[in-house]
Amino acid sequence: MWGYQSEELQQCRLSDLVHAEERKAVEQAMLSLQRNAPCETSHVTLQARFLRKGGQPVPTLLRARWSESDKTYYCVAHEVSRHEPVWGRHPATQADEAHERLRSLFEYHPDGVFAFNLEGALIAANPAFSALTGYAHDELLSMRYQTLVSPESRKMAKERFIAASKGHASSFESAGLRKDGTRYDAALTAIPMMVGSRIVGVHGIARDITQLKSRERYIERLATHDSLTGLPNRNLLDDRIKHAVVQAERSGRRVAVLFIDLNRFKVVNDSLGHDKGDILLCIIADRLRQCVREADTVARIGGDEFAIVLEEVSMPESVITIAKHVLAAIERPVRLEGHQLVVSGSVGCSLFPKDGSDAAALLHNADLAMYEAKAAGGGALRLYKADMDERAKSRLTHEHDLRRALEQDELVVYYQPRVDISSKAIVGAEALVRWIHPERGLVPPNEFIPLAEEIGLISQLGEWVLMQACKQNRSWQKAGLPPLKVSVNLSPLQLDPDSTITEAVMQALERTGLDAKWLELEITETSLMQNVESTLTKLEEIRNAGVSISIDDFGTGYSSLSYLRRLPVNGLKIDQSFIRDITASRDDEAIVAATIALAHTMNLTVVAEGVTTEEQIRFLHANECDEVQGFLFGAAVPPEELGQLLMQAPHSRRTVH
Ligand code: C2E
Ligand code: MG
Ligand code: MG
């Protein structure tokens with residue numbers, strides 16, 4: 001158009017091509033275009049005199065776009081000398097003027113304006129449309145719409161243009177295709193082109209809404225996906241379940257919802273830091289995705305909670321297989337910066353239509369089932385059953401009740417005597433907590449200790465028992481009764497790395513003035529197997545202060561006697577299940593006898609629990625068991641009653657026989 005070879009043009013600056021008088025205006029327009037980027041309307045249409053190679057001015061319409069990502073101006077220049085309106089030129093007639101007014105609307109419209117004839121060929125396009133599509137004006141003419149529209153939008157675009165050719169204007173969104181093959185999102189309007197009462201073609205207006213759409217998509221993604229793992233979030237999960245339910249209603253198949261919770265994730269977070277915790281979550285998210293088909297949904301619904309929706313399930317058994325894969329995938333060790341981590345999951349599952357008819361019910365019931373799986377320990381799977389609902393409700397009531405119990409002194413401590421096997425003197429007492437419930441009466445600890453552990457009340461409860469036991473023991477001593485050792489049970493959770501048990505023990509001794517040698521703590525084998533390092537440190541500290549430590553329910557866990565040698569413990573209590581059958585079962589006799597013998601070689605005191613018959617006493621005596629505890633000598637009783645027992649017994653040999 002300007003008479004240059006393209007190589008020559010490549011040496012030119014834009015301003016070299018513009019008439020000196022208009023250079024400044026053009027430069028300013030271009031600069032402000034760049035400054036306003038990235039905004040939707042980063043287009044400018046201007047008219048200026050450009051210069052032909054010989055210096056002859058050419059009135060030119062320039063449509064320019066600034067691309068922030070390419071740092072490039074894209075321009076389409078269009079000579080307007082003869083047919084187009086040019087400033088300073090006066091139209092000859094009124095009709096000409098009206099025509100030119102309309103024409104300028106067409107030419108300068110910042111949106112792409114174009115027209116098709118009834119055969120579907122393009123017959124007019126403004127500079128903005130050239131800039132939008134990347135085709136020169138001449139290339140555009142006689143082009144068909146298919147070339148300009150992305151394949152997935154073709155059908156709809158065709159329908160709309162046909163409707164317009166029949167007199168129905170409409171606006172719609174579609175995807176456009178540029179000359180270089182790139183796509184853009186377009187807002188399109190198709191308008192019938194009327195001449196007299198005849199429709200002769202279709203006008204179209206196209207606006208580039210790519211940025212708007214990508215922002216929309218981004219916001220939608222934020223609203224429906226978890227930003228850490230990229231998995232669908234709770235909102236999208238609900239939608240997917242709804243959708244799956246509708247499908248299943250038609251096909252008669254089932255939908256399974258799996259609720260997955262990681263066990264002890266908090267420990268990873270607390271000990272290795274949140275960034276490592278985040279990495280672990282992402283790794284688990286990937287593994288979960290690999291366990292299911294493309295059509296199934298894996299979502300993250302909370303901190304360490306995930307859900308999976310399995311669509312079109314034909315056999316309920318297949319859900320169990322997948323759930324087991326899920327559990328196995330979670331348990332595969334993870335290496336995180338030199339740390340080898342193993343976490344486990346708990347999975348609860350509900351099935352449509354059996355366990356609920358909508359997303360809320362299915363998720364809720366899968367959650368209840370997960371809750372029971374968790375209670376069963378790491379790596380468990382539970383299918384929802386109707387009675388879980390009831391249990392959850394009563395758990396809630398109990399939870400509320402238990403908090404109240406602690407606040408309103410509904411808990412009491414009973415004491416069960418522990419007797420020296422030879423002298424039959426009471427040498428100790430085990431503190432056993434009871435709940436005097438206003439409606440349920442006396443509630444045994446097995447019915448509320450697990451709940452207290454679950455809802456994070458166990459430390460408070462345990463420390464309260466500890467304080468009561470020390471206080472009580474001290475007041476027996478003050479009353480002149482000969483001293484005895486009171487033992488207090490510790491929950492494994494009380495030995496967690498962040499527990500305050502050491503401080504609580506020291507405080508109880510200090511506040512009550514009880515000598516440490518009259519206090520004993522009972523811990524279970526399981527608590528010794530968890531957090532070995534921090535547990536050992538805590539126990540050593542406590543034992544160094546003079547408090548004894550014994551292993552409760554010995555034989556029901558996994559610790560070996562040789563392992564015990566390395567632990568700071570003073571004694572062990574053989575679980576009542578072994579004692580119960582010693583006179584009937586040869587195996588149990590052998591186990592008990594061997595345990596006592598080995599414990600003695602390690603200087604551990606042995607207490608037999610649950611002794612109820614003289615026969616058992618004889619066997620235990622013959623095998624040199626040190627102390628016994630059981631209904632034969634008395635169940636756990638309120639402190640006053642134990643006080644009575646102690647008082648009745650002769651001072652030197654406080655027997656209960
Ligand atoms: P444990 O520490 O093994 O306590 C012994 C349990 O056996 C007590 O039940 C006791 O009443 C019962 N028992 C004693 N002699 C006999 C007998 O001859 N035959 C039978 N069948 N049972 C006998 P209890 O008081 O119901 O306590 C149950 C468990 O609750 C305790 O087992 C202990 O693990 C836990 N517990 C009790 N109090 C506390 C507490 O303050 N803190 C914690 N963390 N746990 C506690
Ligand atoms: Mg005990
Ligand atoms: Mg026990």
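The rules we used
Residues numbered from 1 in each chain as written. Chains lettered and ligands numbered in written order. Predicted model: local features only at pLDDT ≥ 70, side-chain atom pairs only at ≥ 80, totals over all residues. Heavy atoms only, no water. Near = heavy atom within 4 Å. Polar contact = N/O pair within 3.5 Å; in protein donor to acceptor, adjacent residues only side chain to side chain. Areas by Shrake-Rupley, 256 points an atom, 1.4 Å probe, with all protein chains shown as cover. Helix = DSSP H or I, 4+ residues; strand = E, 2+ residues; numbered from the N terminus. Nonpolar A, V, L, I, M, F, W, Y, C, P; charged D, E, K, R; others polar. Donors = N, O, S within 2.8 Å, 3.2 Å for Na, K, Ca; no water. Buried < 20%, exposed > 50% of the residue type's maximum accessible area, 1.4 Å probe, protein only. Contact = heavy atoms within 4.5 Å. Domains from an automatic or database assignment. Pairing = 2+ DSSP bridges. Axes fitted to C-alpha atoms, helices over the stretch in contact; angles between N-to-C directions. Disulfide = S-S within 2.5 Å. Parallel < 35°, antiparallel > 145°, perpendicular 65-115°, else oblique. Salt bridge = Lys/Arg side-chain N within 4 Å of Asp/Glu carboxyl O. Expected span 1.5 Å × (residues − 1).

Q: I'd like to hear about the site of ligand 1, residue by residue, with values.
A: The environment of ligand 1 is formed by 22 residues, the closest being Gln416, Arg434, Asn489, Asp552 and Phe631. For ligand 1, an oxygen atom lies 2.9 Å from a polar atom in the side chain of arginine 434. One nitrogen or oxygen atom from the side chain of asparagine 489 is found 2.9 Å from an oxygen atom belonging to ligand 1. Relative to its unbound accessible surface of 790 Å², ligand 1 loses 82% to contact with the protein. Secondary structure elements with two or more residues in the shell around ligand 1: β17 (426–437) and β21 (548–554). No other element matches β17, which puts four residues into the shell around ligand 1. In terms of residue class, the shell around ligand 1 is built from eight nonpolar, eight polar and six charged.

Q: How would you sum up the coordination of the magnesium ion (ligand 3)? Please name residues and give values.
A: All of the protein donors around the magnesium ion (ligand 3) are Asp552 (OD), Asp553 (OD), Glu609 (OE) and Glu609 (OE); their distances to the metal are 2.0 to 2.4 Å. In primary-sequence terms, the residues that donate to the magnesium ion (ligand 3) follow D-D-x55-E. Metal-to-metal, the separation of the magnesium ion (ligand 3) and the magnesium ion (ligand 2) is 4.0 Å; aspartate 552 coordinates the two. Of this pair, aspartate 553 sits in strand β21 while glutamate 609 sits in the loop between β23 (605–608) and α23 (614–622), and the two are 56 residues apart along the sequence. What makes glutamate 609 buried here is its relative accessible area of 8%.

Q: Just give me the short version of the side chain of histidine 19, but keep the residues and values in it.
A: Positionally, histidine 19 belongs in the loop between α1 (6–11) and α2 (20–36). In this structure histidine 19 comes out as buried when scored by relative accessible area, which is 17%. Dropping the residues within four chain positions of it, histidine 19 is found in contact with Arg49, Phe50, Leu51 and Pro57.

Q: Which residues make up the domain arrangement of the protein chain, and what values go with them?
A: Here the protein chain is described as being made up of domain 1 (6–98), domain 2 (109–214), domain 3 (225–385) and domain 4 (396–648). Between the C-alpha centres of domain 2 and domain 3 the distance comes to 47 Å.

Q: An account of the sheet that holds strand β5 (residues 122–125) is needed here, citing residue identities and associated values.
A: In space, the five strands of this open sheet follow the order β5-β4-β8-β7-β6, with antiparallel pairing throughout. The open sheet is flanked by β5 and β6 (170–177), the only strands paired with a single partner. Direction aside, the axes of adjacent strands within the sheet are offset by 30° on average. Where strand β4 (residues 112–117) and β5 come together, three bridges link them in antiparallel fashion. Paired with phenylalanine 116 across the two strands is leucine 122, which belongs to β5. Across the sheet, helix α7 (residues 151–165) lies against β4, β6, β7 (183–195) and β8 (198–208), angled at about 140° from β6, the strand it touches most.

Q: Before we move on, can you summarise the coordination of the magnesium ion (ligand 2) with the specific residues and values?
A: All of the protein donors around the magnesium ion (ligand 2) are Glu430 (OE), Asn489 (OD1), Glu522 (OE) and Asp552 (OD); their distances to the metal are 2.0 to 2.2 Å. Counting gaps between the donor residues of the magnesium ion (ligand 2) yields the pattern E-x58-N-x32-E-x29-D. On the basis of relative accessible area, aspartate 552 is assigned to the buried category, the value being 7%.

Q: Pulling in residues and values, what's your account of the environment of leucine 604?
A: Assignment of secondary structure puts leucine 604 in the loop between α22 (586–601) and β23. Linking leucine 604 and glutamate 410, residues 194 residues apart in sequence, is a C-alpha distance of 36 Å. Ignoring sequence-local partners within four residues, the contact set of leucine 604 consists of Leu564, Val569, Asn570, Gly571, Leu572, Ala599 and Asp626.

Q: Provide a residue-level description of the sheet that holds strand β11 (residues 305–313), including the pertinent values.
A: What the five strands build is an open sheet, ordered β10-β11-β9-β14-β15; its pairing is mixed. Pairing within the sheet leaves two strands with one partner each, and these edge strands are β10 (297–302) and β15 (381–383). The average angle at which neighbouring strand axes cross in this sheet is 20°, direction not considered. Pairing of β10 with β11 involves five bridges; the strand directions are antiparallel.

Q: Before we move on, could you go through the state of the cysteines and cite the residues and values that matter?
A: Such a bond, covalent and formed between the sulfur atoms of two cysteines, is termed a disulfide. Tallied over the full model, the rule gives zero disulfides. Counting only cysteine sulfurs, cysteine 12 is the nearest neighbor of cysteine 75, a cysteine outside any disulfide, at a range of 14 Å. Owing to a relative accessible area of 37%, cysteine 75 belongs among the partly exposed residues under this scheme.

Q: Can you break down the packing of helix α13 (residues 359–375) against helix α14 (residues 387–407) residue by residue, with the values?
A: When two helices pack together, their arrangement is given by the angle between their axes and by how far apart the axes lie. Contact geometry of α13 with α14 gives a least axis separation of 10 Å together with a crossing angle of 70°. On the basis of their axis angle, the class for α13 and α14 is roughly perpendicular. Between α13 and α14, the contacting residues are His364, Asn365, Leu368, Ala369, Tyr371 and Glu372 on the first element and Met388, Asp389, Arg391, Ala392 and Arg395 on the second. Along the lines of polarity and charge, the residues of the contact of α13 with α14 split into five nonpolar, two polar and four charged.

Q: Which residues make up the packing of helix α10 (residues 265–272) against helix α11 (residues 274–291), and what values go with them?
A: Relative orientation of the contacting elements α10 and α11 amounts to 140°, with a least axis distance of 6 Å. Here α10 lies oblique to α11, going by the angle between them. On α11, the residues that touch Phe265, Val268, Asn269 and Leu272 of α10 are His274, Asp275, Lys276, Gly277, Leu280 and Leu281. Residues of the contact of α10 with α11, tallied by class, amount to five nonpolar, three polar and two charged.

Q: Account for the pattern of salt bridges, naming residues and giving values.
A: According to the stated counting rule, one finds 31 salt bridges in the structure shown. With a closest N to O distance of 3.1 Å, arginine 49 and glutamate 22 form a salt bridge. Pair noted here: arginine 49 is in strand β1 (residues 43–51) and glutamate 22 is in helix α2, with a separation of 27 residues, a long-range link. For arginine 49, a relative accessible area of 29% translates into the label partly exposed.

Q: Talk me through helix α19 (residues 532–544); I want residue IDs and the actual numbers.
A: Here α19 is 13 residues long and its end C-alpha atoms lie 18 Å apart, about the 18 Å a rise of 1.5 Å per residue gives. Those residues of α19 that are buried lie in contact with α17 (501–512), β20 (519–524), α18 (525–529) and β21. Two residues or fewer past α19, glycine 546 is found with a positive phi of approximately 105°.

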